[in-house]
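Secondary and tertiary structure notes
Residues per chain are reported as follows:
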Amino acid sequence: MEDQAAGSARDAHSLPKCYRHPDRETGVRCTRCERPICPECMVSASVGFQCPDCVRGTTEGHSGPPPAASRPRTLAGGTMTADPRLLTKILIGINIAVFLVQLSVGDSFTNRFDLIGQAWFPQYGDVEGVAQGQYYRMLTAMFLHGSYIHILFNMLSLWWIGGPLEAALGRARYLALYVVSGLAGSALTYLLADANQPSLGASGAIFGLFGATAVLIRRLNYDMRPIIALLVINLIFTFSWANIAWQAHIGGLVAGVITGYAMVHAPRERRNLIQYGTCALVLVVAVVLTLVRTGQLT
């Protein structure tokens with residue numbers, strides 16, 4: 001009986017076998033198809049390791065489309081695409097296009113869409129802001145910028161951080177992370193900043209990408225020092241420079257860490273539920289913070 005129990009325990013804790021070498025145990029899986037691969041079969045990729053079949057774009061032993069279980073997938077379960085940075089490029093394009101509109105139309109456009117809690121605008125002859133029911137400002141402010149330097153730094157950060165993260169998560173999860181982080185940053189800014197202090201910029205969403213990238217690097221057991229150093233430098237700028245909405249940075253960072261953790265650590269059996277459920281939970285918290293602040297101002 002003891003021998004049987006010991007054998008059962010060993011079986012329960014045994015590692016999966018490499019799909020190409022059934023006699024070899026391994027704890028590593030292909031980041032695209034998620035099949036277990038041994039060191040001999042590992043092909044280094046931009047994120048993690050891939051199996052030889054995914055690198056060649058084929059599925060060994062099958063003709064036609066690969067089965068669902070072995071279709072190329074990102075580390076977080078997203079669909080692999082021909083251009084893994086497409087969504088990042090689109091977001092950068094939207095930000096630049098909106099900034100050009102700001103330059104051509106002027107403050108009248110920016111004042112209509114930036115994040116402001118509650119303030120009197122003489123040109124409109126009325127009180128404007130999120131507290132007056134203009135909740136769209138919490139989203140539109142994420143695509144506005146106050147200067148050439150502002151948009152330059154944000155777009156460079158979005159390209160450097162966002163591109164690799166999009167490749168690791170897949171487009172849908174990456175977009176969900178971006179929007180959730182940005183809205184969380186807007187909610188914390190609305191809650192804590194002066195009601196008549198305008199705020200704008202993609203920084204909240206980008207800090208969310210920073211947080212998720214740190215979680216991903218930790219998940220892959222890569223060197224954490226570069227991302228930590230970059231994050232520390234950005235936080236120093238956040239709290240040392242004037243006219244920076246630190247609330248958006250902190251709110252986005254916290255939301256990014258939480259959402260990113262769910263994205264890369266969710267078990268495959270309940271992956272979608274945990275990943276998108278976490279996004280929904282963060283949004284609920286943002287909504288609660290928004291309603292609390294609205295109650296204080298009205």
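Described in the following lines is the structure provided in the data block. (Residues numbered from 1 in each chain as written. Predicted model: local features only at pLDDT ≥ 70, side-chain atom pairs only at ≥ 80, totals over all residues. Heavy atoms only, no water.)

This part covers helix α3 (residues 86-105). Its 20 residues place the ends of α3 28 Å apart at the C-alpha level, agreeing with the 28 Å of an ideal helix rising 1.5 Å per residue. Along its buried surface, α3 packs onto α4 (107-113), α6 (148-169) and α7 (171-192). Just beyond α3, the residue with positive phi is Gly106, at close to 100°. (Helix = DSSP H or I, 4+ residues; strand = E, 2+ residues; numbered from the N terminus. Expected span 1.5 Å × (residues − 1). Contact = heavy atoms within 4.5 Å.)

Moving on, we come to the packing of aromatic side chains. Evaluated as defined, the whole model comprises 5 aromatic pairs. Relative to Tyr136, the ring of Phe113 has its centre 6.0 Å away and its plane inclined at 65°; by these criteria the two rings are edge-to-face. With a gap of 23 residues between them, Phe113 in helix α4 and Tyr136 in the loop between β4 (126-128) and α5 (137-140) connect regions that are remote in the sequence. For Phe113, a relative accessible area of 29% gives the class partly exposed. Taking relative accessible area as the criterion, Tyr136 reaches 37% and is therefore assigned partly exposed. (Phe/Tyr/Trp six-rings, centres within 6.5 Å; stacked < 30°, edge-to-face > 60°. Buried < 20%, exposed > 50% of the residue type's maximum accessible area, 1.4 Å probe, protein only.)

The terminal C-alpha atoms of helix α11 (residues 271-297), which comprises 27 residues, lie 39 Å apart, in line with the 39 Å expected from a rise of 1.5 Å per residue. Residues of α11 that are buried include every one of Arg271, Gln275, Thr278, Cys279, Val282, Ala286, Thr290, Arg293, Thr294 and Leu297, and no others.

What follows covers the layout of surface pockets. There is about 1200 Å³ of room inside the largest pocket. Taken together, 46 residues make up the lining of the largest pocket; nearest its centre are His150, Asn154, Ser203, Ile244 and His249. Those elements that provide at least two residues to the lining of the largest pocket are α6, α7, α8 (203-219), α9 (225-240) and α10 (246-265). With 8 residues, the single largest contributor to the lining of the largest pocket is α6. Considered class by class, the residues forming the lining of the largest pocket number 26 nonpolar, 19 polar and 1 charged. The computed volume of the second largest pocket comes to approximately 480 Å³. In terms of lining residues, the second largest pocket is bounded by 20 residues, among which Gly27, Val28, Arg29, Leu75 and Arg219 are the most central. The element best represented in the lining of the second largest pocket is α10, accounting for 3 residues. Residues of the lining of the second largest pocket, tallied by class, amount to 10 nonpolar, 5 polar and 5 charged. (1 Å grid on protein atoms, 1.4 Å probe; cavity = no way out; pocket = protein on both sides within 12 Å on 5 of 7 lines; lining within 4 Å. Points joined across faces, edges and corners; volume = space filled by probe spheres on them. Nonpolar A, V, L, I, M, F, W, Y, C, P; charged D, E, K, R; others polar.)

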